[in-house]
Each structure stands twice: as C-alpha cells, then as structure tokens.
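Survey of secondary and tertiary structure
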Amino acid sequence: MAGSGRRPEHRGPPELFYDEAEARKYTQNSRVVEIQSQMSERAVELLGLPKDRPCFLLDVGCGSGLSGDYISEEGHYWIGMDISPAMLDVAVEREVEGDLLLADVGHGIPFRPGMFDGCISISAVQWLCNADKKSHSPPKRLYRFFSTLYTALARGSRAVLQLYPENSEQLELITAQAMRAGFTGGMVVDYPNSAKAKKFFLCLFVGACGTLPKGLGTECAAEETHQAKFTNERTRFRNAKGKSVKKSRDWILEKKERRRRQGKEVRADTKYTGRKRRPHF
C-alpha cells in the first residue's frame, strides 16, 4: 500500500492492484525508491522523536519495506502492516529489519495499548475511503483505524500520515474521523503552491495538543493564510446536506473529474475555472 510519490489510480483494492509483478516493478523503480525515501524522511522528521534513544514505530501500509529501510537507518525499530501479500513477500525477500504483519488496517490496529512511540504511513490511508466490498463503509473503517491507532500509541506521541486526497470531501472525511477518535493536530502541507511537489501530511497528536509543524516551501504567514483559505472554501461551497453548491467552483471541478473518469474529453482546470464572468454592456 505504500506510495510511489504519484497520485495512485484506484483500480480495485490494493491487495489486488499490487500483485507479484506490480510489487517487484514498484520496488525496483529507482524513482519510486527515491521519492519513498524522501517522504519517509519527512514523515519521521514530523514525528519529533527524541534524539537520545531509539524508538519503536508502526508503519501503516508498509508495502515492500522502503519506508522501513529509512526507519532502520535512523536507528529505530518498527513493525509494518500491509494488506498486500505480494508486497510483504518482496519485503521478506529484501530481508527488511522490521517485523511484518498481513492485515487490513480498516479492521483496526491489533496491538496492545501504548505499544508504539509513533506511527508513519506513506500513501496508504486514502485507500480506506474506497468501498471495495458491499460491507465496506469508509467512515466506519476510518474510525476503526484511527480509534485503535490512538489506543496503540503512547501518550504524547504522534502519527504522521502522508496521503493523496482525491478531493476536499475525502480530506474532510479522513480528518473528521481522526478527530472523532480522539486525536488533535491537523494537516501540514509542503510546497502548497507547487503542482508536483505538493504533499499532504496529516500530523496527529495523542494526549496533550502539540504545536503543528510548518509546511516546507512556504513562510509561516503564507502557510497560515493557505490553511485558512482552504478551510473557508470548504465551508463556503457546502450546502446543508454537505454537498457542493451548484455552479460553485468545487461543483464544477467535481463534475469535470467525473467526466474524466468516464473517459470524456474535458478542458484543463485553470485559475479561471468557475469564476463568474463580468456582465457585458
């Protein structure tokens, strides 16, 4: 389930998408390895771990163990969870140093309370927003994941989850379930003005509320403005039922995205998309 640094195309559940051939191709791609290492480094940095001792970490959606390699290099110990047997088989072949568990995190984190000093996840949590089976309820699966993760983490620790949200609704669903489970914190956005380098890290605190780290590639004031703007737009373009207001920018973007998924030709999004035209006299 671990990410490649590009927005994943959800062509079915991850345990089927990452078959043996895909898992090997993924792990042998030098570009993937480089990006995975960079995102893992950033996630561990955002954990704010003590520098004087090794820590015990959980890697959610560990895949073939690329993010675990960085954790080991930093002198920490880890357990990795993933739903893809093919990915874990590659991790075993690579002789990663962490312990591995085949599991669906949507069923919960099966470890004793307070076991971990922190948790990272690279491009995995957004998979829980998919209803791959009739029995799947994304809000329930997310809440089950976050509530059991909260219990498995030591008080005062953090979880840093890098993800690729498909839209603002998905981002809102994920963060809402995390807060409902007891976490505090919020979204750290690195390079918010870059289409390619922009990265979302959900930084969550267990127990006492910490100070949310600043995103890379932006000044403090700019980051605060960006976060406020994101929140305001999300509220402004919602009606009472939680849907985007008709003819709003969000409504137009969602409609265009649906048409793209249907294979239809759609004009590219620009800063003028959804902007009202001035009246002509």
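Counting of residues starts from 1 at the beginning of each chain's written sequence and follows it residue by residue. Since the coordinates come from a predicted model, pLDDT governs what is reported: local features require at least 70, and pairs of side-chain atoms require 80 or more to be given and counted, while whole-chain, interface and lining totals use all residues. Based on all heavy atoms of the structure, the side-chain values leave hydrogens and waters out of the count.

1. Remarks on helix H4 (residues 66–73)
Exposure is judged per residue with a 1.4 Å probe applied to protein chains only, and the accessible area is read against the type maximum: over 50% gives exposed, under 20% gives buried, and values in between give partly exposed. Runs of H or I in DSSP of at least four residues are treated as helices and runs of E of at least two as strands, each being numbered from the N terminus. In terms of burial, H4 is a largely internal element, six of the eight residues being buried. Of all the residues in H4, the buried ones are Leu66, Ser67, Gly68, Tyr70, Ile71 and Ser72. Gly75, located one to two residues past H4, shows a positive phi value of around 90°.

2. A short note on the environment of Thr148
Mapped onto the fold, Thr148 is located in helix H6 (residues 138–152). The spacing of Thr148 and Pro113 is 35 residues in sequence and 8.6 Å in space, taken between C-alpha atoms. Here Thr148 is in contact with Gly108 and Ile109, once residues within four sequence places are set aside. Two residues form a contact once any of their heavy atoms are found within 4.5 Å.

3. Looking at the pattern of salt bridges
In what follows, salt bridge is the name for a side-chain nitrogen of Lys or Arg lying within 4 Å of a carboxyl oxygen of Asp or Glu. Using the criterion set out here, one finds six salt bridges in the structure. Across the pair Asp117 and Arg53 runs a salt bridge, and its minimum N-O distance is 4.0 Å. Of this pair, Asp117 sits in strand S4 (residues 116–122) while Arg53 sits in the loop between helix H3 (30–47) and strand S1 (56–60), and the two are 64 residues apart along the sequence. For Asp117, a relative accessible area of 26% gives the class partly exposed.

4. Looking at the confidence of the model for the protein chain
The predictor reports its confidence for every residue as pLDDT, a score running from 0 up to 100. The predicted model of the protein chain averages 82 in pLDDT, with 78% of residues at 70 or higher. Considering only residues more than four positions removed or in separate chains, one finds that residues 3–11, a stretch of pLDDT under 50, has 27 contacts. Low pLDDT, under 50, characterises residues 220–241; the stretch is placed with 29 contacts to residues that sit more than four places away or in other chains.

5. Side note on the environment of Leu142
Locating Leu142 in the fold gives a position in helix H6. Under the relative-accessibility criterion, Leu142 is labelled buried at 0%. Along the chain, Leu142 and Val125 lie 17 residues apart, while their C-alpha atoms are 8.4 Å from each other. With residues near it in sequence (within four places) discarded, Leu142 still touches Val125, Leu128, Cys129, Leu173, Ile174 and Gln177.

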